[in-house]
Amino acid sequence: FYKGAFELLISNNSTVLLHRYFQYQTTEDVLYHLLNSLQQTCVNKEEVAVTVSGMIDKGSALFKELNLYFREVSVHQSIAGHLHKEAFSDYPAHYFSPFYYSFS
């Protein structure tokens, strides 16, 4: 997630089904794009594991709403060891994951 935009990757068994970039203003915009993209790729939302990263707070309305729609929602944390702890301590590690993590 970025401010006002997010990148979506839908994959199955390491095969990329869809990779798109969306603009959004509201939580509903994000949900629309996610659910519509799942429908277009014939992926059942009940079987999806959603991993988020970037500028999204675990306490935000968006994160809470994702948890209402999807069974498994997690925050990508694997870059925490790459960050200089003092310089980046004001923000959660997943905020910086778009700079370190590649979907492909």
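Residue numbering note: each chain is counted from 1, following its sequence as written. In keeping with the model being predicted, local features are shown solely for residues with a pLDDT of at least 70 and side-chain atom pairs are shown and tallied solely at 80 or more, while totals for entire chains, interfaces and linings include all residues. As a rule here, side-chain values cover all heavy atoms of the structure and leave hydrogens and water aside.

What should I look at first to understand the pattern of salt bridges in this one?
Pairs may arise between side chains of opposite charge once their charged atoms sit close together. Salt bridges, as used here, are contacts in which a Lys or Arg side-chain nitrogen is within 4 Å of a carboxyl oxygen on Asp or Glu. On inspection of all chains with the given rule, the structure shows two salt bridges. Two residues, Glu46 and Lys45, come together in a salt bridge whose shortest N-O distance is 3.2 Å. Working definition: with a 1.4 Å probe on protein chains only, accessible area under 20% of the residue-type maximum means buried, over 50% means exposed, and in between means partly exposed. Judged by its relative accessible area of 37%, Glu46 is partly exposed. Salt bridges linked by common partners bring Lys45, Glu46 and Arg71 together as one network.

Just to check I follow, could you spell out the nonpolar core for this structure?
Inside soluble globular proteins, nonpolar side chains tend to come together where they are buried. To define a nonpolar core, start from buried Ala, Val, Leu, Ile, Met, Phe, Trp, Tyr and Cys residues and group those joined through side-chain atoms within 4.5 Å. Phe1, Phe6, Val52, Leu66 and Phe70 are the most contacted members of the largest nonpolar core, which has 21 residues in total. Runs of H or I in DSSP of at least four residues are treated as helices and runs of E of at least two as strands, each being numbered from the N terminus. Residue assignment for this core shows that the elements contributing at least two residues are strand E1 (5-12), strand E2 (15-23), helix H1 (27-40), strand E3 (49-52), helix H2 (61-69) and strand E4 (72-75). Of all the elements, H1 adds the most residues to this core, at four residues. Two residues qualify as a contact provided that any one of their heavy atoms is within 4.5 Å of a heavy atom in the partner residue. With residues up to four places along the chain from it excluded, the contact list for Phe1 reads Phe6, Tyr24, Val30, Val52, Ser53, Gly54, Met55, Ile56 and Leu62.

Explain H2 here, please?
Since the α-helix turns once every 3.6 residues, residues separated by three or four places project in the same direction. Considered for burial, the residues of H2 that qualify are Leu62, Phe63 and Leu66. All buried residues of H2 project into a common sector of 100° when viewed along the axis, lining one side. Exposed residues on H2 whose side chains face more than 90 degrees from its buried face are Ala61, Lys64 and Leu68. Buried residues belonging to H2 abut H1, E3 and E4. To obtain the arc, one takes the directions from the helix axis to the C-beta atoms.

I keep staring at the environment of His76 and nothing clicks. Help me out?
On the secondary structure map, His76 appears in the loop between E4 and helix H3 (97-100). Residue classification places His76 among the buried residues on the basis of a relative accessible area of 11%. Sequence separation of His76 and Thr51 is 25 residues, and the distance between their C-alpha atoms is 6.1 Å.

Got a minute to help me understand the environment of Thr26 in this structure?
Within the secondary structure, Thr26 sits in the loop between E2 and H1. On the basis of relative accessible area, Thr26 is assigned to the partly exposed category, the value being 32%. Counting along the chain gives 35 residues from Thr26 to Ala61, while the straight-line C-alpha distance between them is 9.8 Å.

Even after reading the chapter, I still don't get the confidence of the model for the chain, so can you show me in this structure?
Any segment with low pLDDT has predicted coordinates that should not be analysed in fine detail. Per residue, pLDDT measures the predictor's confidence, with a range of 0 to 100. Residues with a pLDDT of 70 or more make up 73% of the chain, whose mean pLDDT is 83. By mean pLDDT, H3 is the weakest element of the chain at 57, and H1 is the strongest at 96.

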